[in-house]
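Breakdown of the fold
Read off the chains here:
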Amino acid sequence: MQAKLLPKNKTEYERCVEMGLDNPNKILKLHNLISSDKCLFVATGITENILLKGIVLDTDSNYVTHSLLLNGQNKHIRYIECKHSNYQELVK
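Residues numbered from 1 in each chain as written. Predicted model: local features only at pLDDT ≥ 70, side-chain atom pairs only at ≥ 80, totals over all residues. Heavy atoms only, no water.

**Section: a nonpolar patch on the surface**
Here is the rule: Without a salt bridge and with relative accessible area above 30%, a residue can belong to a patch; like charges are then joined within 9 Å and nonpolar side chains (Val, Leu, Ile, Met, Phe, Trp, Tyr) within 5 Å. Exposure was quantified through the Shrake-Rupley algorithm and a 1.4 Å probe, taking into account, for residues, occlusion by the shown protein chains and nothing else. One side-chain nitrogen of Lys or Arg within 4 Å of one carboxyl oxygen of Asp or Glu is enough to make a salt bridge. Helix numbers and strand numbers start at the N terminus; a helix is a DSSP run of H or I with at least 4 residues, a strand a run of E with at least 2.
Judged by side-chain polarity, M1, L30, L33, I34, F41, I50, L51, L70, I77 and Y79 come together as a nonpolar surface patch covering roughly 1000 Å² of accessible area. Listed by contribution, the elements that provide at least two residues to the nonpolar patch are α2 (30–33) and β6 (76–85). As for its placement among the helices and strands, L70 is situated in strand β5 (residues 62–71).

Structural data, given as structure tokens:
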């Protein structure tokens, strides 16, 4: 996993430096992003991909999302399916 900050202005750039980033424009690798096992990573699929299903509408007009939760401390991986009521359908 990699990330890159995109400070919008000098104030945001300086804030990054104050928080300990010597070069806010560099590509951050995983060890730069997190240095402890006390962490969580959560991703929810918007479109279908190799890890997660995308958002779908079920037969009861509920939106169904699929998420992945990784717990760094105990090394657990969880897949979560969640139904969200389609409130616009309920109002009709």
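There's more to say after this.
**Quick look at the environment of I50**
When you line up the elements, I50 lands in the loop between β3 (40–44) and β4 (56–57). Residues I50 and L6, spaced 44 residues apart in sequence, show a C-alpha to C-alpha distance of 28 Å.

**Points about the layout of surface pockets**
Definition in use: In this analysis a 1.4 Å probe is tested at points of a 1 Å grid over the protein atoms alone, and where it fits but cannot get out there is a cavity; an open set with protein on both sides within 12 Å along at least five of seven lines is a pocket; lining residues have an atom within 4 Å of a point. Grid points are joined across faces, edges and corners, and a volume is the space filled by probe spheres set on the points. The classification used treats Ala, Val, Leu, Ile, Met, Phe, Trp, Tyr, Cys and Pro as nonpolar, Asp, Glu, Lys and Arg as charged, and all other residues, Gly among them, as polar.
Roughly 280 Å³ of volume is contained in the largest pocket. Taken together, 15 residues make up the lining of the largest pocket; nearest its centre are L30, I34, C39, L40 and F41. Contributing elements (two or more residues each) for the lining of the largest pocket: α2, β3, β5 and β6. Taken together, the residues of the lining of the largest pocket sort by class into nine nonpolar, four polar and two charged.

**As for the side chain of H66**
The test is simple: Accessible area is worked out with a 1.4 Å probe on protein chains only. A residue is then buried under 20% of its type maximum, exposed over 50%, and partly exposed in between. Between two residues, a contact is recorded if the distance between any of their heavy atoms is within 4.5 Å.
Within the secondary structure layout, H66 lies in strand β5. H66 gets classed as buried once you look at its relative accessible area, which sits at 11%. If near-sequence neighbours (up to four positions away) are discounted, H66 is found in contact with A43, T44, G45, L52, K53, G54, I80 and E81.

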